[in-house]
Amino acid sequence: MKGLKGKVALVTGAAGGMGRQICKRLVEEGCSVAMLDIDAKRLESLAAEFGKIDQVCHVAVDISDYDAVCRAVAGVEKAIGPIDILINNAGWDKFSNFLDTDEVLRQKVVSINLNGPINMFHAVLAGMAQRDGGRVVTIASDAGRVGSSGQAVYSACKGGVIALTKTLARELARRNILLNAVCPGPTDTAMLQDFMNQGPGGQKVHDAMKRAIPLKRLGQPEDIPGIVAFLASDDASFITGQVISVSGGLTMHG
Ligand SMILES: NC(=O)c1ccc[n+]([C@@H]2O[C@H](COP(=O)([O-])OP(=O)(O)OC[C@H]3O[C@@H](n4cnc5c(N)ncnc54)[C@H](O)[C@@H]3O)[C@@H](O)[C@H]2O)c1
């Protein structure tokens, strides 16, 4: 992809299924990559896979904690330079019918999936605005476009980050900051596996999802980095405020 070599990227949820593949792709494209995740152990093992290269650094941080996020962003910029590209990828959910959820679960889902990206936007965009340039790709979800049974609050958060992306794309276009959202459909990562492990109901929904996808398979984490790298590259320098599904055709938006 054009223009990625030498850029500094920060990826949240780096130790997860999609995050790991996104980090690998950005390193292959010649970016320096800061890998952030709440799971310090899996982050260490990802860092070990890269070996001792100056091009990557990692920070264990909870994106729902704004002060910790600001400290992490400052540390990253000191270590590998000002951030050119932010990939908001961290996310979490526990499948449950809305009426069966409790306040603790609902707050946790909002803290991670909505407040987390808000914290990241706020901590990173100020520097990009000062430097008059930047790219943000936020991993939302088709749940935020069309809804998803068992994911009411999560869907609301993902719809929220899509609206945030569009609003910030409008506000920050004059600063040459481009923001877009990618919406995976059902993708074979720990998040989906947790759901399937919830019993026979989970397996049934999983099989039904697969049948409903025109390309007749679930997404794989490797399906995501291509569109992320494209949207972060100079090939996408006239694209902002857009939402793109990567779902094997499960959802088709005009
Ligand atoms: N897997 C799917 O079917 C699917 C579908 C649509 C959208 N998504 C979205 O894709 C993104 C990546 O998810 P994935 O499928 O790779 O799941 P995953 O569980 O493999 O990875 C998510 C990562 O986010 C990290 N994380 C969770 N809470 C955090 C916090 N508070 N601070 C920092 N890091 C935190 C986790 O430790 C994990 O490494 C998420 O935003 C998710 O909502 C996933």
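Structure's up top.
Residues numbered from 1 in each chain as written. Predicted model: local features only at pLDDT ≥ 70, side-chain atom pairs only at ≥ 80, totals over all residues. Heavy atoms only, no water.

1. Quick look at the overall build of the protein
Then comes step 1: For the protein, the helix and strand inventory stands at nine helices and seven strands.
Then comes step 2: Relative to the 2.2 N^0.38 estimate, which gives 18 Å for 254 residues, the radius of gyration of the protein is 17 Å and therefore close to what a compact globule would have.
Then comes step 3: Considered along the principal axes of its C-alpha atoms, the protein spans approximately 50 × 40 × 35 Å.
Then comes step 4: The buried share among the 254 residues of the protein stands at 49%.
Then comes step 5: If you take every contact in the protein between residues at least 6 apart in sequence, the share linking residues at least 24 apart comes to 72%.
Then comes step 6: Accessible area of the protein: about 12,000 Å², with a carbon and sulfur share of 53%.
Then comes step 7: Computed over 27 positive and 26 negative side-chain charges, the separation of the two mean positions in the protein equals 4 Å. (Helix = DSSP H or I, 4+ residues; strand = E, 2+ residues; numbered from the N terminus. Rg over C-alpha atoms; globule rule 2.2 N^0.38 Å. Buried < 20%, exposed > 50% of the residue type's maximum accessible area, 1.4 Å probe, protein only. Contact = heavy atoms within 4.5 Å. Areas by Shrake-Rupley, 256 points an atom, 1.4 Å probe, with all protein chains shown as cover. Lys, Arg positive; Asp, Glu negative; His and termini not counted. Charge placed at Lys NZ, Arg CZ, Asp CG, Glu CD.)

2. Considering the site of the ligand
Then comes step 1: Lining the immediate environment of the ligand, one finds 28 residues, of which Gly17, Asp37, Asn89, Tyr154 and Thr189 sit closest.
Then comes step 2: The contact in question runs from an oxygen atom of the ligand to an N or O atom on the backbone of alanine 90, over 3.4 Å.
Then comes step 3: Surface burial for the ligand is 93%, taken as the share of its 830 Å² of free accessible area covered by protein chains.
Then comes step 4: For the shell around the ligand, the secondary-structure elements that each account for two or more residues are helix H1 (17–28), helix H6 (152–172) and helix H7 (190–196).
Then comes step 5: A breakdown of the residues in the shell around the ligand according to their chemical character gives 14 nonpolar, nine polar and five charged. (Near = heavy atom within 4 Å. Polar contact = N/O pair within 3.5 Å; in protein donor to acceptor, adjacent residues only side chain to side chain. Nonpolar A, V, L, I, M, F, W, Y, C, P; charged D, E, K, R; others polar.)

3. Focus on H6
Then comes step 1: The end-to-end C-alpha distance of H6, which contains 21 residues, comes to 30 Å, matching closely the 30 Å that a straight helix rising 1.5 Å per residue would cover.
Then comes step 2: The complete set of buried residues in H6 reads Val153, Tyr154, Ser155, Cys157, Lys158, Val161, Ile162, Thr165, Leu168, Ala169 and Leu172.
Then comes step 3: Packed against the buried residues of H6 are helix H4 (103–131), strand E5 (134–139), helix H5 (143–146), strand E6 (177–184), H7 and strand E7 (243–246). (Expected span 1.5 Å × (residues − 1).)

4. Considering empty space enclosed by the protein
Then comes step 1: As enumerated under the stated definition, the model contains one cavity of 30 Å³ or more in all.
Then comes step 2: In this structure, the largest cavity occupies an estimated 70 Å³ of space.
Then comes step 3: For the lining of the largest cavity, the secondary structure elements donating two or more residues are H4 and H6.
Then comes step 4: Split by residue class, the lining of the largest cavity holds six nonpolar, four polar and three charged. (1 Å grid on protein atoms, 1.4 Å probe; cavity = no way out; pocket = protein on both sides within 12 Å on 5 of 7 lines; lining within 4 Å. Points joined across faces, edges and corners; volume = space filled by probe spheres on them.)

5. A closer look at the pattern of salt bridges
Then comes step 1: Applying the stated rule across the entire model yields eight salt bridges.
Then comes step 2: Of the charged contacts in the structure, one is a salt bridge between glutamate 77 and arginine 131, with a shortest N-O distance of 3.7 Å. Of the two residues, glutamate 77 is situated in helix H3 (residues 66–80) and arginine 131 in helix H4; the sequence distance between them amounts to 54 residues.
Then comes step 3: Judged by its relative accessible area of 36%, arginine 131 is partly exposed.
Then comes step 4: Through salt bridges that share partners, Arg20, Lys24 and Glu49 make up one connected network. (Salt bridge = Lys/Arg side-chain N within 4 Å of Asp/Glu carboxyl O.)

6. Topic: the side chain of serine 233
Then comes step 1: Tracing the chain through its elements places serine 233 in the loop between helix H9 (225–232) and E7.
Then comes step 2: Within the structure, the side chain of serine 233 is placed 3.1 Å from the backbone nitrogen of aspartate 235, a separation counted as a polar contact.
Then comes step 3: Contact partners of serine 233, with chain neighbours within four places excluded, come to Met1, Lys2, Leu4 and Arg135.

7. Notes on the environment of glycine 219
Then comes step 1: The topology assignment puts glycine 219 in the loop between helix H8 (200–212) and H9.
Then comes step 2: Other than its neighbours up to four places away in sequence, glycine 219 contacts Pro186, Thr187 and Asp188.

8. Here's the deal with the layout of surface pockets
Over the atoms a probe the size of a water molecule is rolled, and this reveals where empty space is left.
Then comes step 1: Estimated volume of the second largest pocket: approximately 150 Å³.
Then comes step 2: Forming the boundary of the second largest pocket are Lys7, Asp84, Ile85, Arg131, Gly133, Gly134, Arg135, Asn176, Ala232, Ser233 and Asp234.
Then comes step 3: Across the lining of the second largest pocket, the residue classes break down as two nonpolar, four polar and five charged.

Keep in mind these numbers describe shape, not what the thing actually does.
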